[in-house]
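This is what each chain is made of:
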Amino acid sequence: MKLKKDDIYLFSALYLNWGMIYGIISGISIILFKQEKAWLVLFNKGILILFLAAAFLLILKRKRGFIAIMAGCVWGALFCLALLTTPEILKLFSKIIFYTIYNVIIPIFLISELEDYDKLEKSFIPFIYMGIIYSIIQWRVFKITGLYSMEYSYLTIMVAILSLVLGVYKKKKGFLVIAACLFSINLVCGSRGSLICYMIAIIFIFVIFVDARKRITRVTLIAVSIPFAFNFLQRVMSWLSIYFTKSRTISLFAEGKFFYAASRDKYYSFVLEQIRNAPMKIRGIYSDRIYIGEYFQRTDPAQIYGSYSHNFFLEILFQFGMWGILLLIGYGIAVIYTIRKVKKDGSISMKTMYIVFASYAMGQLLISGSYLTSMSFGIFTGLLFSICLNRSHNCIRKS
């Protein structure tokens, strides 16, 4: 069966946003039965396997399938190196290989394959409304369980930022209302980490869309007003905490704990100490999971899998030592190059999607996700490939 020209955009949008759809199904199960039914987990795994199979077929047929193959080869080589330095990572193999392929390698390929950013933007817009449905259901789930959801926050952050940018720079006021609603529900029943994505998105909006002269004036005003803003914000949160007593984010903000790190500060301290003690040591990919797991005396593979650096820079430096600085510099150069290219030559849609994907990746990888298993990293890296490889087409502004 031959794919139509736009099918790759629809498939990519569905692939990247499937988590929201499953979140809706899971949420309905919790509302109706007070728990997520076991068969739903099996259903989700089946869908993910189907997505993988379809993606592999695309890799074989599409012109940039070599990017996925190249990414897979690089990962394979790094994994073999890591086995020599930290052989204990083998106990996590089944879990890490699935999530690395599904969340990182396939998104790198899919986004690098997409050359028309207008179509990419349009393919994501229907999922904004899916995000509204998911948020309403999550609100109800929160009322039942009283538990905040980091997963919900990051699954909806792309459509939330897309709504914000569409509302501001395409003058679509309805999307501004949607963005405000998504932000508000996230504030109540989501996690604080995703709020950093909003902050980074605002910074990108200034950098990419605002004229340099106006940018300096506005940034100066914002910088001066930050201390007053935090004080005002704490007062607002104190008032909101009266009505949203179960909200973890609002409660922490009401207490002035804007930068409360939970257990992450222990991770950071351990990782930094290890880097200082052996700055040139190469430990290999996924090694931080093993070291942190042993330090906290964790034996369950699921707990070890979740014991990682929680910071992109520390993760790279821990795994590759000071040699990792070269990797960070190389990635940083690609980011700076694409920002300049997008700002100078990009269409509005290209700028919009860049802000969405960059804000998602930078915000999550700064304090929450691992670049080896987070879809945000795969998406943004694929976008870097797409921009760097595209010489013409709809990636640049039409004259």
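Higher on the page you've got the structure.
This one's a predicted model, so the numbers in the text were calculated from it and none came from an experiment.

Caption draft 1: Structural view of the packing of helix H15 (residues 324-345) against helix H17 (residues 375-389). Across the interface, H15 lies against H17 with an axial gap of 10 Å and an inter-helix angle of 60°. With respect to H17, the element H15 is oriented oblique. The handedness of the crossing between H15 and H17 is left-handed. In this structure, H15 contributes Tyr-331, Ala-334, Val-335, Tyr-337, Thr-338, Lys-341 and Val-342 to the contact, and H17 contributes Phe-377, Phe-380, Thr-381, Leu-384, Ile-387 and Cys-388.

Caption draft 2: Region of the structure containing the side chain of Ser-12. As for its position among the elements, Ser-12 is in helix H1 (residues 7-33). Here the side chain of Ser-12 touches Ile-8 through a polar contact of 2.7 Å, landing on its backbone oxygen. In this view, Ser-12 contacts Leu-110 and Leu-114; residues no more than four positions away in its chain are not counted.

Caption draft 3: Here's a closer look at the nonpolar core. With 122 residues, the main nonpolar core has Tyr-15, Tyr-354 and Phe-357 as its most contacted residues. In terms of residue count, the dominant contributor to this core is H1 (twelve residues). Not counting residues up to four positions away in its chain, the partners in contact with Tyr-354 are Phe-204, Ile-208, Val-335, Thr-338, Ile-339, Val-342, Ser-359, Phe-380, Leu-383, Leu-384 and Ile-387.

Caption draft 4: Spotlight on the packing of aromatic side chains. One pass over the structure, following the stated rule, counts 30 aromatic pairs. When the ring of Tyr-331 is compared with that of Phe-377, the centres are 5.6 Å apart and the planes differ by 20°; the resulting orientation is stacked. Taken together, the positions of Tyr-331 in helix H15 and Phe-377 in helix H17 put the pair 46 residues apart, joining distant regions of the chain. Cluster of aromatic residues (ring-pair linked, three or more members): Phe-11, Tyr-15, Trp-18, Phe-43, Phe-51, Phe-98, Tyr-99, Tyr-102 and Tyr-305. For the cation-ring pair, Lys-95 lies above Tyr-305, with the distance from its terminal atom to the ring centre recorded as 5.2 Å. Its guanidinium or amino end placed over the ring of Tyr-291, Arg-283 lies 5.9 Å from that ring's centre, counting from NZ or CZ.

Analysis parameters
- Residues numbered from 1 in each chain as written.
- Predicted model: local features only at pLDDT ≥ 70, side-chain atom pairs only at ≥ 80, totals over all residues.
- Heavy atoms only, no water.
- Axes fitted to C-alpha atoms, helices over the stretch in contact; angles between N-to-C directions.
- Helix = DSSP H or I, 4+ residues; strand = E, 2+ residues; numbered from the N terminus.
- Parallel < 35°, antiparallel > 145°, perpendicular 65-115°, else oblique.
- Left-handed = near helix turned anticlockwise from the far one by under 90°.
- Contact = heavy atoms within 4.5 Å.
- Polar contact = N/O pair within 3.5 Å; in protein donor to acceptor, adjacent residues only side chain to side chain.
- Core = buried A, V, L, I, M, F, W, Y, C linked by side-chain atoms within 4.5 Å.
- Buried < 20%, exposed > 50% of the residue type's maximum accessible area, 1.4 Å probe, protein only.
- Phe/Tyr/Trp six-rings, centres within 6.5 Å; stacked < 30°, edge-to-face > 60°.
- Lys NZ or Arg CZ within 6 Å of the ring centre and 35° of its normal.

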